[in-house]
Amino acid sequence: MTLDLFGGDDPAQHGRVTIGPQSVVLRGFALPTVDALLAGVDDVTAQAPFRHMETPGGYTMSVALTNCGDLGWTTDARGYRYSRIDPVSGQPWPAMPQAFTQLAQDAAREAGFPDFAPDACLVNRYEPGSRLSLHQDRNERDFNAPIVSVSLGMPAMFLFGGDDRADRAARVPLFHGDVVVWGGVDRLRFHGVMPLKDLPHPRLGSQRINFTIRKAG
Ligand code: MD6
Ligand code: FE
């Protein structure tokens, strides 16, 4: 067993880690298509650059984000919502790269969700110190669909809690190429990301990219 917990591409970490009744980490599942996924991220961010959004509570998020697909998640002083239009450009969000849709459907099937038809993808960029406080993803219309989450670049400590904010959260390290799928009874569990350490990744340097593929509409 390797102790290289933050090494990223170590095949010894590959496999399937069950984190809930309908939640699984697929270690390294995205590695075979990482070139296409990163090209997709470049395409998307060329059209809809990463930005730091404001929360309804008046904080600026430490995570920078953008979207692709028919619907994109946004937050501002008026609240959280999905919209078809990027409020920065006034244009529709960039199309979902085929590599994202394919990976999401493959991972969802692997996790027991065979008919996943995503229409939205939220792309997050973390720098050292960026964090995401405990939250539920509940702006989507249909909680029957799972969410597929892809991690690239620096490792992060993911917090996977319960249905109540106060429930104890498990700590799940996520590495370059890992894919998390959760849905069903786990769909509304609280979760977050601890402040990122600066452990530069050979390919992406001092950043972590996470994108979550969803059915929002
Ligand atoms: C992240 N992920 O990993 C943040 N939400 O950077 C999420 O907030 C998330 O990974 C819903 C489903 C899967 C996720
Ligand atoms: Fe989330």
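Here the structure is a predicted model, which is why all the values come from computation and not from measurement.

**Overview of the coordination of the iron ion (ligand 2)**
Right, on to step 1. Within the protein, the iron ion (ligand 2) binds to H135 (NE2), D137 (OD) and H191 (NE2); these donor distances fall in the range 2.1 to 2.2 Å.
Right, on to step 2. Counting the intervening residues between successive donors of the iron ion (ligand 2) yields the motif H-x1-D-x53-H.
Right, on to step 3. Its relative accessible area of 22% is what places H135 among the partly exposed residues.

**Considerations on the pattern of salt bridges**
Where charged atoms of side chains with opposite charge meet at close range, the side chains can pair.
Right, on to step 1. Applying the stated criterion across every chain, the model contains ten salt bridges.
Right, on to step 2. Note that D76 and R78 form a salt bridge whose closest N and O atoms lie 3.8 Å from each other.
Right, on to step 3. We classify D76 as partly exposed; its relative accessible area is 24%.
Right, on to step 4. Between D186 and R189 there is a salt bridge, with the nearest N and O atoms lying 3.0 Å from each other. The burial state of D186 is the same as that of R189; both residues are buried.
Right, on to step 5. Residues participating in the shared-partner salt-bridge network are D137, E140, R187 and R214.

**Description of the packing of aromatic side chains**
Right, on to step 1. Summed over the entire model, instances satisfying the criterion amount to five aromatic pairs.
Right, on to step 2. Here the aromatic rings of W73 and Y80 are separated by 5.4 Å at their centres, their planes lie at 20°, and the arrangement is stacked.
Right, on to step 3. The exposure class assigned to W73 is buried, which follows from its relative accessible area of 12%.
Right, on to step 4. A connected cluster of aromatic rings, assembled from ring pairs, spans F158, F160 and W182.

**What about the layout of surface pockets?**
Gaps left between atoms show up when a probe the size of a water molecule is rolled over them.
Right, on to step 1. The computed volume of the largest pocket comes to approximately 790 Å³.
Right, on to step 2. What lines the largest pocket is a set of 34 residues, and nearest its centre among them are M61, W73, L132, S133 and H135.
Right, on to step 3. Elements represented by at least two residues in the lining of the largest pocket include exactly β6 (120–126), β7 (132–135), β8 (147–153), β12 (191–193) and β13 (208–214).
Right, on to step 4. For the lining of the largest pocket, a count of residues per class yields 15 nonpolar, 13 polar and six charged.

**Notes on the sheet that holds strand β9 (residues 156–160)**
Right, on to step 1. On the basis of which strands lie adjacent, the open sheet formed by four strands has the order β7-β12-β9-β10 and antiparallel pairing. For this open sheet the edge positions go to β7 and β10 (170–174), each flanked by a neighbour on one side alone. Mean inter-strand twist for the sheet, computed between neighbouring axes without regard to direction, equals 20°.
Right, on to step 2. Relative to β12, β7 runs antiparallel, the two being bridged by two bridges. Within the sheet, the bridge partner assigned to H135 lies in β12 and is H191.

**Some points on the UniProt feature "binding site: Fe cation" (unreviewed entry) in the protein**
Right, on to step 1. Feature annotation in UniProt assigns "binding site: Fe cation" (unreviewed entry) to the following positions: H135, D137 and H191. The named residues occupy 57 residues along the chain; their greatest pairwise C-alpha distance, 8.8 Å, places them in one compact cluster. Narrowing the list just given to those that line the largest pocket leaves H135, D137 and H191.
Right, on to step 2. Assignment of secondary structure puts D137 in the loop between β7 and β8.
Right, on to step 3. Since its relative accessible area comes to 9%, D137 is described here as buried.
Right, on to step 4. In this structure the side chain of D137 is engaged in a polar contact, spanning 3.1 Å, whose partner is the side chain of H135.
Right, on to step 5. Tracing the chain through its elements places H191 in strand β12.
Right, on to step 6. Excluding residues that lie within four positions of it along the chain, H191 makes contacts with S133, L134, H135, Q136, D137, F158, L159, F160 and W182.
Right, on to step 7. One polar contact links H191 to H135, side chain to side chain, over a distance of 2.8 Å.

**Looking at the pairing of β6**
Right, on to step 1. β6 sits mainly inside the fold: six of its seven residues count as buried.
Right, on to step 2. Relative to β6, strand β3 (residues 64–69) runs antiparallel, the two being bridged by six bridges. For N67, the partnering residue across the bridge sits in β6 and is L122.
Right, on to step 3. In this sheet, β13 lies alongside β6 in antiparallel orientation, the contact comprising seven bridges. Residue Y126 lies in a different strand from β13, and its bridge partner there is R208.

Procedures and definitions
- Residues numbered from 1 in each chain as written.
- Chains lettered and ligands numbered in written order.
- Predicted model: local features only at pLDDT ≥ 70, side-chain atom pairs only at ≥ 80, totals over all residues.
- Heavy atoms only, no water.
- Donors = N, O, S within 2.8 Å, 3.2 Å for Na, K, Ca; no water.
- Buried < 20%, exposed > 50% of the residue type's maximum accessible area, 1.4 Å probe, protein only.
- Salt bridge = Lys/Arg side-chain N within 4 Å of Asp/Glu carboxyl O.
- Phe/Tyr/Trp six-rings, centres within 6.5 Å; stacked < 30°, edge-to-face > 60°.
- 1 Å grid on protein atoms, 1.4 Å probe; cavity = no way out; pocket = protein on both sides within 12 Å on 5 of 7 lines; lining within 4 Å.
- Points joined across faces, edges and corners; volume = space filled by probe spheres on them.
- Helix = DSSP H or I, 4+ residues; strand = E, 2+ residues; numbered from the N terminus.
- Nonpolar A, V, L, I, M, F, W, Y, C, P; charged D, E, K, R; others polar.
- Pairing = 2+ DSSP bridges.
- Axes fitted to C-alpha atoms, helices over the stretch in contact; angles between N-to-C directions.
- UniProt positions renumbered as here; feature names shortened; annotations may be inferred.
- Polar contact = N/O pair within 3.5 Å; in protein donor to acceptor, adjacent residues only side chain to side chain.
- Contact = heavy atoms within 4.5 Å.

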